[in-house]
Amino acid sequence: MTVTRFAPSPTGLLHVGNIRTALHNWMLARKAGGRFLLRIDDTDAERSREEFVEAIRADLAWLGLAPDGETRQSARLAIYDEAFERLRAAGRVYPCYETPQELDLKRKVLLGRGLPPIYDRAALALTDADHARMAAEGQAPHWRFLLDHAQPIEWHDGIRGPQHFDPASLSDPVVRRADGSWLYMLPSAIDDVEMGVTDVLRGEDHVSNTAAQLQMFAALGAAGFGEGNMPRFAHEALLVGREGKLSKRLGSLSGQALREAGIEPQALVALLARLGTSQPVEPIADRAALVETYDLGTFGRAPARFDEDELARVNQGIVHQLSFDEVADRLPEGMDAGAWLAVRPNLEKVSDAHDWWRVVTGPIELPVFDQETRAFLSEAQGALVWSDNAWATWTAALKDSTGRKGKALFLPLRQALTGQDAGPEMARLLPLLGETTVRRRLRRAAGED
Ligand code: GLU
């Protein structure tokens, strides 16, 4: 059974980049008939906030990406302790005491000599007496995971293809701070093993983490934890904005900000489902169709460009498909299904319906018509015979009687009845306005009121 997970840290709002990762994991699970889990990575107690946990849940619900299960790392500390003790007994984690300043200096020295800034493992040389002295001085260690330099790191990435890493090119990652708190990497591997995650799909900023984590999975298995379960990995190219990095504008690209700006969840899903793939981005509202065509093999390796204009276009396409029931609670009082269908093709956002509804209910502002147009509008008022099909018969009759056609016929009528030069089909608007309003607006436009 395929199991995927979305593992956000609740240190901020979800933005389009995170949402894309969540969506792709959800689609991967749905396509395989598997499970999609939400894991709140809240080991950083200082930066994690409950309000962000709530916001993440709310965003996923809004997007229709309900998880099949939810866990949080802060509730799993005992599991990490147990796994850690096993790794310690197996000699795969080791205590270190360097201060951040010392580490920084070491890095600078190496870089100054043109060497990669890899941790020199000095702490491995400490003796029992050294450790005893540190303990006596009240110095608690932080802990690093010991990479096995004899074990080349290889995996077949679902998007990037075959990957190779020389473990000696990586620093032994710090996995636990001196105060006992966890950095993200080891708990994440422990969780993936323990929760039976079969597929880890995330951004390519995690590629070197994956390299180290593969050895963690192996070490955990060898230490009798998790039976050597090892997920498949895929890393997607990062999202970039029109002008390069997205990171500066992430505030305005949060799920919440986009929702407030009138973006429909289906639009965000349709765009992000295919952005950066070889499949065309289209306003596809049907989830099942998106899931059906989801294929990691179509994901490109070049950064995917997120363009708000493209999102606006997809959004418009989605709005034009929304049924009355889907939007009823966001429409102005009194607006019914017929009115929704009349104005829908003219909307960019659902909230634009309010503007058109104001045109229907009035009052509207009229342009100033010249004398000839006023005479035409007066004649038009007289020629109107109200019926279900009034617009077609009325304009046909006016065409005959006045010789006007095209714009000269239709524009003054539209302007007189809506105060606008363009808008929803008049044949659909007329019944919404009703005979009394139509006649009143025509008389006013003709200067008769
Ligand atoms: N909490 C990590 C992050 O937000 C999880 C990454 C992952 O393993 O997917 O980057």
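Conventions and cut-offs
- Residues numbered from 1 in each chain as written.
- Predicted model: local features only at pLDDT ≥ 70, side-chain atom pairs only at ≥ 80, totals over all residues.
- Heavy atoms only, no water.
- Helix = DSSP H or I, 4+ residues; strand = E, 2+ residues; numbered from the N terminus.
- Rg over C-alpha atoms; globule rule 2.2 N^0.38 Å.
- Buried < 20%, exposed > 50% of the residue type's maximum accessible area, 1.4 Å probe, protein only.
- Areas by Shrake-Rupley, 256 points an atom, 1.4 Å probe, with all protein chains shown as cover.
- Lys, Arg positive; Asp, Glu negative; His and termini not counted.
- Charge placed at Lys NZ, Arg CZ, Asp CG, Glu CD.
- Pairing = 2+ DSSP bridges.
- Axes fitted to C-alpha atoms, helices over the stretch in contact; angles between N-to-C directions.
- 1 Å grid on protein atoms, 1.4 Å probe; cavity = no way out; pocket = protein on both sides within 12 Å on 5 of 7 lines; lining within 4 Å.
- Points joined across faces, edges and corners; volume = space filled by probe spheres on them.
- Nonpolar A, V, L, I, M, F, W, Y, C, P; charged D, E, K, R; others polar.
- Near = heavy atom within 4 Å.
- Polar contact = N/O pair within 3.5 Å; in protein donor to acceptor, adjacent residues only side chain to side chain.
- Sits in = over half its atoms within 2 Å of the grid points.
- Phe/Tyr/Trp six-rings, centres within 6.5 Å; stacked < 30°, edge-to-face > 60°.

### A word on the overall build of the protein chain
The helix and strand tally for the protein chain stands at 19 helices and 13 strands. Relative to a compact globule of 449 residues, whose C-alpha radius of gyration would be 22 Å, the protein chain shows 32 Å and is clearly more extended. Seen through its principal axes, the protein chain has C-alpha atoms that stretch 105 × 45 × 40 Å. Out of the 449 residues in the protein chain, the part that is buried amounts to 48%. Summing over all exposed atoms, the protein chain offers an accessible surface of approximately 21,300 Å²; the carbon and sulfur share of this is 51%. Of the charged side chains in the protein chain, 52 are positive and 64 negative; the average position of the first set lies 3 Å away from that of the second.

### Section: the sheet that holds strand 8 (residues 174–176)
As summarised here, the arrangement of the three strands in space is 4-5-8, forming an open sheet in which the pairing is antiparallel. With partners counted over all chains shown, the strands left at the sheet margins are strand 4 (93–96) and strand 8, one partner each. On average, each strand axis in the sheet is inclined to that of its neighbour by 45°, with strand direction left out of account. Two strands pair when backbone bridges link them, and strand 4 and strand 5 (residues 142–145) are joined in this way by four bridges, in the antiparallel orientation. Pairing of proline 95 across the sheet is with tryptophan 143, part of strand 5.

### Focus: unusual backbone geometry
Apart from glycine, the bulk of residues carry a negative phi angle, and the bulk of peptide bonds sit in the trans form. In this chain, glycine 362 is followed by proline 363 through a cis amide linkage whose omega measures -5°. The phi dihedral of arginine 121 is positive, around 60°, even though this residue is not glycine. Relative to the elements of secondary structure, arginine 121 occurs in the loop between helix 4 (100–112) and helix 5 (128–136).

### Observations regarding empty space enclosed by the protein
In this structure the tally under the stated criterion is one cavity of 30 Å³ or more. Considering only enclosed or pocket space, the largest cavity measures out at about 40 Å³ in volume. Lining the largest cavity we find Met27, Ala273, Arg274, Thr277, Gln279, Leu290, Thr293, Tyr294, Thr298 and Phe299. Of the residues belonging to the lining of the largest cavity, the class tally is five nonpolar, four polar and one charged.

### Section: the site of the ligand
Surveying the vicinity of the ligand reveals the residues Arg5, Ala7, Ser9, Asp41, Tyr184, Ser188, Arg202 and His206. Take arginine 5: an N or O atom from its side chain is 2.7 Å from an oxygen atom of the ligand. When the ligand is considered free in solution it has 300 Å² of accessible area, and contact with the protein chains removes 79% of it. More than half of the atoms belonging to the ligand lie within 2 Å of the grid points that define the largest pocket. Residues belonging to the shell around the ligand are distributed by class as follows: two nonpolar, three polar and three charged.

### Some points on the layout of surface pockets
To find leftover empty space, one rolls a probe the size of a water molecule over the atoms. The computed volume of the largest pocket comes to approximately 1,100 Å³. Around the largest pocket sit 41 residues that line it, and Ser9, His15, Asn18, Asp205 and His206 are the ones nearest its centre. Partitioning the lining of the largest pocket into residue classes produces 15 nonpolar, 15 polar and 11 charged. Quantified by volume, the second largest pocket comes out at close to 200 Å³. In this structure, the second largest pocket is lined by 13 residues; those nearest its centre are Thr43, Ala45, Arg177, Asp179 and Ser181.

### As for the packing of aromatic side chains
In total, this model carries eight aromatic pairs according to the counting rule given. With centroids separated by 5.8 Å and ring planes inclined at 10°, the aromatic side chains of tryptophan 155 and phenylalanine 165 adopt a geometry described as stacked. Taken together, the positions of tryptophan 155 in strand 6 (residues 153–157) and phenylalanine 165 in strand 7 (residues 161–165) put the pair 10 residues apart, joining distant regions of the chain. Of the residues examined, tryptophan 155 reaches a relative accessible area of 9% and is grouped as buried.

### Some remarks on the sheet that holds strand 11 (residues 239–241)
Picture the strands of a sheet paired through backbone hydrogen bonds; they go either parallel or antiparallel. Spatially, three strands are ordered 12-11-13 in an open sheet, and the strand pairing comes out mixed. Only two strands of the sheet have a single neighbouring strand rather than two, namely strand 12 (244–245) and strand 13 (304–305). The sheet contact formed by strand 11 and strand 12 spans two bridges and is antiparallel. For valine 240, the partnering residue across the bridge sits in strand 12 and is lysine 245.

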